[in-house]
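Here are the chains, one letter per residue:
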Amino acid sequence: MSKNKGLFRVSVASLALMALTAWGLPQAAEAAEAKIGCAFSMTGGAAAYGATQKNGASLAMEQINAAAGAGGLKLKLLFEDDASTPQQGINVFQKFINADKVSMIIGPTLSNTAQVADRIAQQSKTPVLAISNTAQGITEIGDYIFRDSLTEGVVIPNTIKAIKAKLGIKKVALLYGNDDAFTKAGYQAFKAALAESGIQILSELSFAKGDRDFSPQLTQIKGMAPDAIICSALVEEASGIVSQARQLGIAQNVPIVGGNGFNSPALIKNAGAAAEGVIVGAAWNASSPLPVNKKFVEDYTKKFGTPPDQFAAQAFAGVHIAYQAIKKAGDPNNRAAIREALTQIKDLDTVLGPFYFTPGRDAGSQPVVQVVKDGKFVIFGM
Amino acid sequence: MNVLGQQLVNGLFIGGVYALFAVGYTLVFGVLDILNLAHAAVFTLGGLMALWLVQNAGLTIWTAFPLAVLFAGLLGLVLDQVAFKPLRRRPDTYFSGLISSIAMAIIFESLAMGVFGAHNSRFPAGTVPVVIWRLGGITITLLQVEILAAVVLMMVALTQLLKRARVGKAIRAVAENQHAARLLGINVDGIIAFTFFLSSALGGAAGILFGLYFDALSPDMGRPIELKGLAVIVLGGMGSVPGAILGGLAFGLSEVLTVAISGTSNLRDAVAFTLLFGIMLVRPSGLLGRGRLREA
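Everything quoted here is computed from the prediction, not taken from an experiment.

**Student:** It is not clear to me how the overall build of chain A should be interpreted in this structure. Could you clarify?
**Tutor:** Scanning chain A from terminus to terminus reveals 12 helices and 14 strands. C-alpha atoms of chain A, sized along the principal axes, occupy 95 × 45 × 40 Å. Across the 382 residues of chain A, 53% fall into the buried class. The contacts of chain A with a sequence gap of at least 6 include a subset with a gap of at least 24, amounting to 71%.

Laid out in structure tokens, this is it:
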């Protein structure tokens, strides 16, 4: 009896084990579902950006899956935290590529992380779509690396040309954060663009991450009476700079000009009336009249209670771009075909405008120049 | 000239906030010879409390300010009871008190992080009416004037309290000699607790003013000011209240002028601390020497 009972136990256990194994196996015959790995910074320095990226991406997934219907290709986004560090980024990429066997990867949030993690994806021939990396040399890592985020090198010269043409700016002061890769890249792009347009730089001043008091720099700038203040900063510092500049009595007709870092509703919320007239070159315009963009802003605001920022918009567009490519490739497991399909994307209707990839796999969308008017970003010069 | 004048105004203002912060810091040191390293955390919580009262409880800043200052003072009592009093009779009380105040600072900061999150929070627009005066090219805001007035008022009140009030005299007596004070019938523990209350209330007030002016409060906003406050009281003379005021103003001015001249904020702290080092070489006991709290 006791022997029988033991045997019974063993057989139940092995049955259970078999059931578990079978359940864990990928089911190839199942209706098509494509897995996309999303490596976003949910903790660490870039946590604020990762959070809206996740919002934008999940909104896109919901809408795509709802529209796909019963038989259509569905998306499954796997979110992992890259902790704003390259080391964790590598771990997340390896998990996506080897354990989860994703069709492609979206992310990581920071260029620093992308510099190392993207190499791993390139080696294992997994397509990566960067949605917020703006540093030089990301897509040069290899032919599997794409991005839908416009670099400062595209956005800034466009902005400088626009302010020169429309406002006749001749002399400016430059203010930038000099201990951050993004703000420094912005500074270099501004400097090059200003030199090319023949605009005189009266003075270059800098601040450090976490600074709250910008009045010494702004007082010096005020004394030089520039036509405009060119500023490379992330949104927290940008808000402080804008409000303190106006408080110090730098007239409203001396515009403050910024890049991608300024393109956030937080700037208008934080700086209030002082933000009026701030000129922002960016990859995405929140009030763009494109129907797809209007719907995105409405849906996003309804779902999350705050209006989207550029990070959310680029994530939203990124998921749509990825979905189109996977659908076109026909097989979620054929990464080479997905890569090929990405290169062929053309005139795709996204929130960033009609979208394609340049031969260098960078975003082919048009940069915009915006100005803050009545508490909203509107297209500059219209 | 206008630029220089404006920079002096900028420096005077930030120096005033440093001074208010440092006066609280130095008060505890003057009485107990103990550094309270949780002072910066009280500074942060005072500011965040005022923000919470304005934002969530719907109070005006005029009501929120005294309430938040009171809250900061109560935090001081907690600090005294939890971090310092149990260790007071130990032979290593100076060192162990220092360590337990670091622990309290971490606890306070984590609490703030849990309640407010790690991001910058701001006072709602219109908390303080925006009025700007321009005097011959120099810009002064109503807020700046109010803040300086608050700083001066609190400094004068503190000095008078220490000099004339009974409790002020008792504080000085405890600072001079705890044993003798006890023999004279002074409630030493009560006086120490009151000193912590006063010190933390001033620290909290500095936090609120700092938060109002820069309009960006976060749980780690006390960190940069912690070291500066220490430098300010060393500069002014450890334990000296007028020294802390002088030191705060000197520190604020040196920071602002360094940024103005060099055009970058990287050298700001370097110059300020080099200055401190230089003054220490010439006057090892600080600008106003030692023991001024006792003489007040």
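From this point, things continue past the structure.
**Student:** What should I look at first to understand the interface of chain A and chain B in this one?
**Tutor:** Across the contact, 24 residues belong to chain A and 23 residues belong to chain B. Listed by contribution, the elements that provide at least two residues to the side of chain A that touches chain B are β7 (200-207), α7 (215-224) and α8 (235-247) of chain A. The dominant element in the side of chain A that touches chain B, judged by the number of residues it contributes, is α7(A), at six residues. Of the residues contributing to the side of chain A that touches chain B, the split by class is six nonpolar, 13 polar and five charged.

**Student:** Help me understand the environment of E340(A) in this model?
**Tutor:** Note on placement: E340(A) falls in helix α12 (residues 335-343). C-alpha of E340(A) to C-alpha of I221(A): the two residues are 119 residues apart in sequence and 51 Å apart in space.

**Student:** Got a minute to help me understand the nonpolar core in this structure?
**Tutor:** The tendency in soluble globular proteins is for nonpolar side chains to be buried as a group. Core analysis: the largest hydrophobic core is formed by 117 residues, its most contacted members being I229(A), C231(A), F316(A) and A322(A). Of the residues forming this core, the biggest block, 13 residues, is contributed by helix α11 (residues 310-329) of chain A. When residues of this core are sorted by domain, at least three fall in each of domain 1 (33-150 + 289-366) and domain 2 (153-282) of chain A. What C231(A) contacts, discounting residues up to four positions off in sequence, is L175(A), Y176(A), A238(A), I241(A), I256(A), V257(A) and G258(A). Residues L37(B), A64(B), L75(B) and A272(B) belong to the second largest nonpolar core, which totals 94 residues.

**Student:** In this structure, what is going on with the pairing of strand β13 (residues 368-373) of chain A? I would like to understand it.
**Tutor:** Across a regular strand the side chains alternate sides, sitting on one face of the sheet and then on the other. All names here are of chain A. Buried residues dominate β13, accounting for five of its six residues. Pairing geometry for strand β10 (residues 279-282) and β13, over four bridges, is antiparallel. Directly across from I279, in β13, lies its bridge partner V371. As paired strands, β13 and strand β14 (residues 376-379) are joined by four bridges and run antiparallel to one another. Paired with V371 across the bridge in β14 is V378. Between β13 and β14, which pair antiparallel and follow one another directly, the connecting turn spans two residues, one of which, D374, has a positive phi of 50°.

**Student:** Where do I start with the sheet that holds β10(A) in this structure?
**Tutor:** As a general point, the strands of a sheet are linked pairwise by backbone hydrogen bonds and lie either parallel or antiparallel. Residues and elements named next belong to chain A. Read from one edge of the open sheet, seven strands run β7-β6-β8-β9-β10-β13-β14, paired in mixed fashion. Two strands bound the open sheet, and with one partner strand each, they are β7 and β14. Strand after strand, the sheet turns through a mean of 25° between neighbouring axes, direction not considered. Sheet topology note: the strand β9 (residues 256-258)/β10 ladder contains two bridges and is parallel.

**Student:** Explain the packing of helix α1 (residues 2-32) of chain B against helix α9 (residues 222-236) of chain B here, please?
**Tutor:** Helix packing geometry: the angle between the two helix axes and the distance between the axes. All names here are of chain B. Orientation of α1 relative to α9, taken along the N-to-C sense of each, is 65°, at an axis distance of 9 Å. Judged by the angle between their axes, α1 and α9 are roughly perpendicular. In this structure, the crossing between α1 and α9 has a hand that is right-handed. Here Y18, F21, A22, Y25, T26 and F29 of α1 lie close against α9, whose contacting residues are I225, K228, G229, V232 and I233. A class-by-class count of the residues in the contact of α1 with α9 yields eight nonpolar, two polar and one charged.

**Student:** In this structure, what is going on with α7(A)? I would like to understand it.
**Tutor:** Since the α-helix advances by 3.6 residues per turn, residues separated by three or four positions end up pointing in the same direction. Where burial is concerned, most of α7(A) is hidden: eight out of the 10 residues are buried. On its buried face, α7(A) sits against β6 (171-177), β7, β8 (228-232) and α8 of chain A together with α1 and α10 (241-262) of chain B. Where α7(A) ends, the next residue or the one after it, A225(A), has phi of about 50°, a positive value.

**Student:** Is there a simple way to think about the sheet that holds strand β4 (residues 128-130) of chain A in this case?
**Tutor:** Residues and elements named next belong to chain A. Across the sheet, which stays open at both edges, the five strands sit in the order β2-β1-β3-β4-β5 with parallel pairing between neighbours. Because the sheet does not close on itself, it has two edges, and the strands there are β2 (74-81) and β5 (145-147). Across the sheet, the mean angle from the axis of one strand to that of its neighbour is 25°, orientation sign disregarded. Relative to β2, strand β1 (residues 33-40) runs parallel, the two being bridged by eight bridges. Directly across from I36, in β2, lies its bridge partner L77. With respect to the sheet, helix α4 (residues 111-123) is in contact with β3 (104-106), β4 and β5, its orientation differing from that of β4 by roughly 155°. Most of the contacts of α11 go to β3, to which it runs at about 170°, and overall it touches β1, β2, β3 and β4.

**Student:** I would appreciate a short explanation of helix α11 (residues 268-282) of chain B in the present structure.
**Tutor:** All names here are of chain B. Between its first and last C-alpha atoms α11 spans 22 Å; for 15 residues at 1.5 Å apiece the expected length is 21 Å, and the two agree. Within the sequence span of α11, burial applies to R268, A272 and L276. Down the axis of α11, the smallest arc covering the buried residues is 65°, so these residues share one side. Set apart from the buried face of α11 by more than 90 degrees, the exposed residues are A270, F277, G278, L281 and V282. Residues of α11 that are buried sit in contact with α9 and α10.

Reading the values: rules and limits
Residues numbered from 1 in each chain as written. Chains lettered and ligands numbered in written order. Predicted model: local features only at pLDDT ≥ 70, side-chain atom pairs only at ≥ 80, totals over all residues. Helix = DSSP H or I, 4+ residues; strand = E, 2+ residues; numbered from the N terminus. Buried ≥ 20, exposed ≤ 12 C-beta atoms within 10 Å, placed from the backbone. Contact = placed C-beta atoms within 7 Å. Nonpolar A, V, L, I, M, F, W, Y, C, P; charged D, E, K, R; others polar. Core = buried A, V, L, I, M, F, W, Y, C linked by C-beta atoms within 7 Å. Domains from an automatic or database assignment. Pairing = 2+ DSSP bridges. Axes fitted to C-alpha atoms, helices over the stretch in contact; angles between N-to-C directions. Parallel < 35°, antiparallel > 145°, perpendicular 65-115°, else oblique. Left-handed = near helix turned anticlockwise from the far one by under 90°. Expected span 1.5 Å × (residues − 1). Arc of directions from axis to C-beta.

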